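Architecture and fold: a report
One-letter residues, chain by chain:
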Amino acid sequence: MNSVFEQMVAKYTVQTQADKLNAYHEVMQEIILSSLQREGFFNHAAFYGGTCLRIFHKLPRFSEDMDFSLLEINKNFSLEPYFGAIVKEFKALGRDVTINKKVKKNFSQVESAFLKDTTEVYNVEFKTERTVKIKIEVDTTPPLEFATENKLLLLPFSFMTRCFTLPNLYAGKMHALLFRNWKHRVKGRDWYDFEWYVKSSVKLNFNHFKVRALQKGYSGKNEFTKKVFKQLLQEKISQTKIEFVINDVKPFINDTSGLEIWSTDYFLQLVDMIVFE
């Protein structure tokens, strides 16, 4: 009889090794959420980022990392007390995992480019398949002015996860797109999500975005207004090679036909369609 883990993987259409890897990542993410919920983690923190959008709002692309924000500043917070619950949950579903905390000095230039010194980072990986790895980030000095909601998952059992609401998820994504500094690399997944928010008519919580930008990103002398935000975004788009954006996102989506329209002008027009709360 298949393990619950394999039953969860069976929900996905797996035709290639990449499909299998994406399915394993997503099942692992759901199991991690369930174990954190059992231990009361969501009394103190909320889930946000691309993986949250994928799992709870059916974003049509896969995502690797899990991002969490504390509900209030606590520089002494550690995820380590929750390790036992995560390991136990996987064990109950027929898989063994290890969890390791990453230290700042071991980050690659890309990894550390957008992380605050107060971000806790951990890797969860299978003992026997170390190519399947989930990176967990917890912001212990979070920018505030955000709202949350409880979202339901049915597997591995029925449970609720505290998540950022869509306008706040949107704000976090635009902060990443605008201020993530990877030098010669771009994260096309940020741009894909931006397009999804505009197409889905989601309104952006500018107050939360502004708090994020002033905490890490914006260093200009002018007051940070919606007009300044759009001008900076237009500059970012104009300076980015769209072919790099497309190449980054391709491995994470099944249908790449929608990328054919992607161009500098396309994204500049999306900026004009941003609607604020």
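Anything mentioned here points back to the structure above.
Summary of the structure given here. (Residues numbered from 1 in each chain as written. Predicted model: local features only at pLDDT ≥ 70, side-chain atom pairs only at ≥ 80, totals over all residues. Heavy atoms only, no water.)

1. Focus: the overall build of the protein
So the rule is basically this: Numbering of helices and strands runs from the N terminus; a helix is a DSSP stretch of H or I covering at least four residues, while a strand is a stretch of E covering at least two. The globule rule is 2.2 Å times the number of residues to the power 0.38, and the radius of gyration it is compared with is taken over C-alpha atoms. Whether two residues are in contact is decided by their heavy atoms: any pair within 4.5 Å suffices. Computed with the Shrake-Rupley method and a 1.4 Å probe, the accessible areas treat only the protein chains shown as cover for residues. Counting rule for charge: Lys and Arg are taken as positive, Asp and Glu as negative, and neither His nor the chain ends is counted. Lysine's charge is taken at NZ, arginine's at CZ, aspartate's at CG and glutamate's at CD.
Within the protein, the regular secondary structure consists of eleven helices and seven strands. Whereas a compact globule of 277 residues would reach a radius of gyration of roughly 19 Å, the protein reaches 19 Å, a difference of no more than 12%. Summarising its shape, the C-alpha atoms of the protein cover approximately 55 × 45 × 35 Å along the three principal directions. Across the protein, every contact between residues at least 6 apart in sequence was considered, and the portion connecting residues at least 24 apart equals 69%. When the accessible area of the protein is evaluated, it comes to approximately 13600 Å², of which 47% is carbon and sulfur surface. Of note, the protein has its 39 positive side-chain charges centred 3 Å away from the centre of its 33 negative side-chain charges.

2. What about the nonpolar core?
For the record, the criterion: Here, the term nonpolar core denotes a set of buried Ala, Val, Leu, Ile, Met, Phe, Trp, Tyr and Cys residues that are joined through side-chain atoms within 4.5 Å. Here's how the labels work: a residue is buried when its accessible area is under 20% of the maximum for its type, exposed when over 50%, partly exposed in between, all with a 1.4 Å probe on protein chains only.
Counting 85 residues, the largest nonpolar core has F194, F209, F229 and W262 as the members making the most contacts within it. It is helix α2 (residues 17–38) that contributes the most residues to this core, eight residues altogether. For W262, the contacting residues outside a window of four places in its chain are G188, W191, Y192, E195, I242, V245, I246, V249 and F267.

3. Section: the packing of aromatic side chains
Two aromatic rings, taken as a pair, are described by how far apart their centres are and by the angle between their planes. What counts here: The criterion for an aromatic pair is that two Phe, Tyr or Trp rings (for Trp, the six-membered ring) have centres within 6.5 Å, with stacked assigned to planes under 30 degrees apart, edge-to-face to planes over 60 apart and tilted to the rest. Consider the ring centre and the ring normal. A charge sits over the ring if Lys NZ or Arg CZ is within 6 Å of that centre and within 35 degrees of that normal.
As enumerated under the stated definition, the model contains 33 aromatic pairs in all. An angle of 10 degrees between the planes, with centres 4.4 Å apart, marks the rings of Y170 and Y197 as stacked. Placement of the pair is Y170 in helix α6 (residues 166–179) and Y197 in helix α7 (residues 188–199), with a sequence separation of 27 residues. According to the relative accessible area criterion, Y197 is buried, its value standing at 1%. Within the aromatic cluster, the residues linked to one another by ring pairs are F41, F42, F47, F56, F68, F77 and Y82. Of note, R54 hangs over the ring of F62, and the distance from its end group to the ring centre comes to 4.2 Å.

4. Observations concerning the environment of V97
Looking at the secondary structure, you find V97 in strand β3 (residues 97–101). Put simply, V97 and E6 are 91 residues apart on the chain and 15 Å apart in space, counted from C-alpha to C-alpha. Beyond its immediate chain neighbours, meaning those up to four positions away, V97 contacts V87, F90, V124, E125, F126 and K127.

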